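Here's the letter readout for the chains.
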Amino acid sequence: MTTTLAQPAILGGPPAFPDGLPLTRVSLPHQDLLRQRLDAIIASGQLTNGATVRELEDAVAALLGVPHVVAVASCTAGLMLVLQAVGAAGPVTLPSFTFAATAHAVAWAGGQPVFAEIDHDSITIDPADAAAQVAASGSAALMATHVYGTPCHVEALQQVADQAGVPLVYDAAHALGSHRQGRPIGGFGAAEVFSLSPTKVVTGGEGGLIATFDEGLATACRLGRDYGNPGDYDCLFPGLNARMSELHAAVALASLSALDARVALRGQLARVFHQATNGLPGLRFPVVAPGDVSTYKDLTLIVDPAEFGLDTVALAAALRAEGIDSRRYFHPPVHRQKAYAHLPRDRELPVTDEIADRVLTVPLWSHMTEDTVRIIADAVIRAHGKAQEIARQLRAR
Ligand SMILES: Cc1ncc(COP(=O)(O)O)c(C=O)c1O
């Protein structure tokens, strides 16, 4: 743990980043090649349903070692199509500690979210509680989210799904580039759905990717992204327009290059942060199991306010004064959001509530320098060092 005598900016010291440090910056290698590709697409006059989307699907399938990848307009749309295809029009068990889109997809596919707890360490869905909720609700499907890119307990979750006889669908929005014990995320469950929105490690500007071993499921999703139209406009079911454009696919292909190296770099930057703050009271991080690889889509702190001296709101204010952006990913948890206030609240989710109160995501991007990471860590350390004064000042505001 490094120490410094500099006063935190919130107490009048000089800000660590006078020009501001955003939460994320897109890394887009080979931009000259991308421009050539975009020019060619525009010149071709075919901006959708073309060869670039197929090239992206093939490249991702090869990377993940799965036979079917279906490119779609967003992860949300991809989850909706998968849930529709597996017939999840009843109760669906999922974590509440996830992005709202996981639950929204359930609702749009005609299902009712049933929320399960997360485990305290990985902060991904707790397989034991998932099993209990699937059984109690008679769930039609089980969903899990690889939160921040941390692989879920995939073996235990598959057992839960198999025993209940329900499909397991992964919200893998954060996890393109993550690995579970050497196997790429993308090959687990009935299907995994990635996001290519701009905050992700691989981005198309917008977009999503469905990965599956199930040919029938892939075919249903291909139809579903095109209104359910098999080609003769005699639609087989009510689908979406969830196509990915050629332009987005071209950006995603550029963004896909050297993914493993980028993920390794992010892991190294996360380790620098962990080491720099090692021993700081009241601070811990989501646990990535030994042998697993996380994309670290987010670098997220878990702050115990009593031990750290500040809660996440106060720490966020201290960081803001330093010019450092942060987000409470994911707060409020989904079961406390207005959109789901109508659902029965017959049980508490104490681990979810506690973690949601304690998480704070700080900036990380693939080409960030270790020095920048250390300066962010130093700002957190200084905030802790002057926690009482900061809390007093915030109370007085
Ligand atoms: C866990 C999770 N699921 C789903 C989504 C939705 O992805 P998209 O914006 O591609 O629909 C996000 C977006 O950030 C997310 O964080």
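Residues numbered from 1 in each chain as written. Predicted model: local features only at pLDDT ≥ 70, side-chain atom pairs only at ≥ 80, totals over all residues. Heavy atoms only, no water.

Quick look at the pattern of salt bridges
- Overall, the coordinates contain 18 salt bridges when judged by the stated rule.
- The salt bridge partner of Asp32 is Arg35, with a shortest N-O separation of 3.2 Å. Of the two residues, Asp32 and Arg35 both sit in helix α1 (residues 31-44), three residues apart, roughly one turn of that helix.
- By relative accessible area, which is 56% here, Asp32 ends up exposed.
- A residue is classified by how much of its surface remains accessible, and Arg35, at 47% relative accessible area, is partly exposed.
- Linking Asp304 and Arg358 is a salt bridge whose minimum nitrogen-to-oxygen distance equals 3.8 Å. (Salt bridge = Lys/Arg side-chain N within 4 Å of Asp/Glu carboxyl O. Helix = DSSP H or I, 4+ residues; strand = E, 2+ residues; numbered from the N terminus. Buried < 20%, exposed > 50% of the residue type's maximum accessible area, 1.4 Å probe, protein only.)

A word on the packing of aromatic side chains
- Applying the stated criterion to the full structure yields six aromatic pairs.
- Seen in terms of ring centroids, Tyr148 and Phe330 are 6.0 Å apart; in terms of plane orientation they differ by 15°. Their pairing is stacked. On the criterion of sequence distance, the pair formed by Tyr148 in the loop between β4 (141-145) and α6 (154-164) and Phe330 in the loop between α11 (312-321) and α12 (350-358) is long-range, its members being 182 residues apart.
- Judged by centre distance (5.9 Å) and plane angle (90°), the rings of Phe273 and Phe285 are edge-to-face. With Phe273 in helix α9 (residues 259-276) and Phe285 in the loop between β10 (283-284) and β11 (299-303), this residue pair connects regions lying twelve residues apart in the sequence. Of the two residues, Phe273 and Phe285, both sit in the buried class.
- In textbook terms, an aromatic cluster arises when at least three aromatic residues are bridged by ring pairs, as seen for Phe97, Phe99, Tyr148, Tyr329 and Phe330. (Phe/Tyr/Trp six-rings, centres within 6.5 Å; stacked < 30°, edge-to-face > 60°.)

Observations concerning the packing of helix α3 (residues 75-86) against helix α4 (residues 100-108)
- Put simply, α3 and α4 touch, their axes get as near as 8 Å, and they point 40° apart. By the angle between their directions, the pair α3 and α4 is classed as oblique. Crossing geometry of α3 relative to α4 is assigned as right-handed. Two secondary-structure elements touch here, α3 through Thr76, Leu79, Met80 and Leu83 and α4 through Ala101, Thr102, Ala105, Val106 and Trp108.
- Within the contact of α3 with α4, the residues separate by chemical class into seven nonpolar, two polar and no charged. (Axes fitted to C-alpha atoms, helices over the stretch in contact; angles between N-to-C directions. Parallel < 35°, antiparallel > 145°, perpendicular 65-115°, else oblique. Left-handed = near helix turned anticlockwise from the far one by under 90°. Contact = heavy atoms within 4.5 Å. Nonpolar A, V, L, I, M, F, W, Y, C, P; charged D, E, K, R; others polar.)

Here we look at the environment of Ala379
- With respect to the helices, strands and loops of the structure, Ala379 is situated in helix α13 (residues 370-385).
- Sequence separation of Ala379 and Pro15 is 364 residues, and the distance between their C-alpha atoms is 9.2 Å.
- Excluding its chain neighbours within four sequence positions, the residues that come into contact with Ala379 are Leu319, Glu322 and Ile324.

Observations regarding the site of the ligand
- Close contacts around the ligand come from 13 residues, with Thr76, Asp171, His174, Ser195 and Lys200 the closest.
- Cys75 has a polar backbone atom sitting 2.9 Å from an oxygen atom of the ligand.
- Within the side chain of Thr76, one N or O atom sits 2.5 Å away from an oxygen atom of the ligand.
- Burial of the ligand by the surrounding chains reaches 89%, relative to a free accessible area of 390 Å².
- Considered class by class, the residues forming the shell around the ligand number four nonpolar, seven polar and two charged. (Near = heavy atom within 4 Å. Polar contact = N/O pair within 3.5 Å; in protein donor to acceptor, adjacent residues only side chain to side chain. Areas by Shrake-Rupley, 256 points an atom, 1.4 Å probe, with all protein chains shown as cover.)

Focus on helix α5 (residues 127-137)
- Among the residues making up α5, those that are buried are Pro127, Asp129, Ala130, Gln133 and Val134. Considered in projection along α5, the buried side chains sweep an arc of 155° and stay on one side of the axis. Within α5, the exposed residues directed more than 90 degrees away from the buried face are Ala128, Ala135 and Ala136.
- In this fold, the buried residues of α5 make contact with β2 (91-95), β3 (112-116), β4 and α6.
- Near the N-terminus of α5, the side chain that reaches the backbone nitrogen of Ala128, with its oxygen 3.0 Å away, is that of Asp126. (Arc of directions from axis to C-beta.)

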